[in-house]
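An overview of the molecular structure
Spelled out, the chains give:
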Amino acid sequence: MRFRVEVRRSWLGLMAAYAVAGILTATAGGHVVVAGRDGIIATAAAFTVLAVTAALFHELGHALVGVAFGRRPVGLVLKAGAAVRIEEAPPGSRAATAPAESLVALSGPLASGLIGLAYLGVSTSSASPFAWAGLLALFDGLANLLPIAASSDGSRILHALRHQAWRRGRPLDAADPPVSA
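Since we're looking at a predicted model, the values are computed, not measured.

Calculation criteria
Numbering of residues begins from 1 in every chain and follows the order in which that chain's sequence is written. Only residues with pLDDT of at least 70 get local features here, since the model is predicted, and only at 80 or more are side-chain atom pairs given and counted; chain-wide, interface and lining totals rely on the full set of residues. To get the side-chain values, all heavy atoms of the structure are used, and hydrogens and water are removed first. Here, a salt bridge means any Lys or Arg side-chain nitrogen found within 4 Å of an Asp or Glu carboxyl oxygen. The secondary structure listing takes helices from DSSP runs of H or I that are at least 4 residues long and strands from runs of E that are at least 2 residues long, numbered from the N terminus. Throughout, exposure labels follow a simple rule: accessible area from a 1.4 Å probe, protein chains only, divided by the maximum for the residue type, with under 20% read as buried, over 50% as exposed, and the rest as partly exposed. Any two strands between which DSSP finds at least two bridges are classified as paired. Nonpolar cores are built from buried Ala, Val, Leu, Ile, Met, Phe, Trp, Tyr and Cys residues. Side-chain atoms within 4.5 Å join them into one set. The contact rule is simple, with two residues in contact once any of their heavy atoms fall within 4.5 Å. Each Phe, Tyr or Trp ring, with Trp reduced to its six-membered ring, pairs with another whose centre is within 6.5 Å; inter-plane angles below 30 degrees give stacked pairs, above 60 give edge-to-face pairs, and intermediate values give tilted ones. Working rule for helices: expected span equals 1.5 Å times residues minus one. Each C-beta atom gives one direction from the helix axis, and the arc is the one those directions make.

**A word on the pattern of salt bridges**
Throughout the structure, instances matching the rule amount to five salt bridges. Across the pair Arg-71 and Glu-101 runs a salt bridge whose closest N-O atoms are separated by 3.1 Å. Separated by 30 residues along the polypeptide, Arg-71 in the loop between α2 (40-68) and β2 (73-79) and Glu-101 in helix α3 (residues 98-122) bring together distant segments of the chain. Both residues of the pair, Arg-71 and Glu-101, belong to the buried class. The residue Glu-101 makes a salt bridge to Arg-156 at a minimum N-O spacing of 2.8 Å.

**Some points on the pairing of β2**
Of all seven residues that make up β2, six are buried, and the element is covered over most of its length. Judged from the four bridges that link them, strand β1 (residues 4-7) and β2 form a sheet pairing that is parallel. Across the sheet, Val-5 pairs through a bridge with Leu-76, a residue of β2. Bridge analysis of β2 against strand β3 (residues 81-86) gives six bridges, and the strand direction is antiparallel. Its bridge partner lying in β3, Gly-75 is registered against Arg-85. A loop of one residue connects β2 with β3, the two strands running antiparallel in sequence.

**What to know about the nonpolar core**
Membership of the largest hydrophobic core comes to 17 residues, with the highest contact counts inside it found for Trp-11, Met-15, Tyr-18 and Tyr-119. Put simply, the parts of the chain that give this core at least two residues each are α1 (9-28), α2, β2, α3 and α4 (129-145). Ranked by residue count, the leading element in this core is α2, at six residues. Not counting residues within four places of it along the chain, the set of residues in contact with Tyr-18 comprises Phe-47, Thr-48, Ala-51, Val-52, Ala-55 and Leu-136. Listed in part, the nine residues of the second largest apolar core include Ala-63, Ala-89, Ala-95 and Ala-100.

**Regarding the environment of Ala-89**
Secondary-structure assignment places Ala-89 in the loop between β3 and α3. Along the backbone, Ala-89 and Gly-70 are 19 residues apart, and their C-alpha atoms lie at a distance of 7.7 Å. In contact with Ala-89, not counting residues within four places along its chain, are Arg-71, Ala-95 and Ala-96.

**Quick look at the packing of aromatic side chains**
Evaluated as defined, the whole model comprises two aromatic pairs. Centroid distance Tyr-18 to Phe-47: 6.2 Å. Interplanar angle 85°. Geometry classified as edge-to-face. Of this pair, Tyr-18 sits in helix α1 while Phe-47 sits in helix α2, and the two are 29 residues apart along the sequence.

**Things to note about α1**
Given a rise of 1.5 Å per residue, 20 residues ought to cover 28 Å, and the 29 Å separating the end C-alpha atoms of α1 matches this to within 8%. Buried within α1 are the following residues: Trp-11, Leu-14, Met-15, Tyr-18, Gly-22, Thr-25 and Ala-26. Looking straight down α1, one finds that the buried residues subtend no more than 120° of arc, so they occupy a single side. Exposed and facing more than 90 degrees away from the buried side of α1 are Arg-9, Leu-12, Leu-24 and Ala-28. Elements in contact with the buried residues of α1: β1, α2, β2, β3 and α4. Where α1 ends, the next residue or the one after it, Gly-30, has phi of about 85°, a positive value.

Here's what the structure looks like:
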């Protein structure tokens with residue numbers, strides 16, 4: 001099986017939103033010059049790169065913990081956000097347990113928090129691209145913990161915890177509802 005990257009049209013919308021947010025970051029920081037190293041275009045580009053890097057770092061968190069449990073990442077979907085696809089855990093394996101699924105789901109928001117704090121740590125001002133991208137990464141991590149959408153990390157964690165309480169630690173099996181990665 002090969003690793004596939006799928007780019008959806010909504011990814012372009014997200015890139016446009018990041019560019020607009022970068023322009024707002026630049027103007028909030030008092031930038032009035034369009035071109036140049038400290039201009040609006042450079043600031044918007046920097047914010048966009050930092051925001052995309054944070055989103056990919058979030059997915060890398062999921063992938064690394066999945067690998068630690070013996071599950072191989074098989075794809076990345078770039079959409080209005082991003083999602084890593086991880087192969088299913090073999091039935092009866094340590095990776096097929098509710099605690100393992102919870103850790104895989106929790107690792108993305110933790111990665112977002114780490115990169116957000118790192119960005120804020122190197123930020124030179126509250127209006128720098130690093131500061132705004134750091135706040136965005138922290139918000140992304142926290143928002144992903146909310147069990148609002150079925151595919152959110154928070155929903156995956158909640159499902160695993162409910163499943164854990166119901167099955168008392170027995171491995172997940174084919175009769176259980178699927179948990180997306």
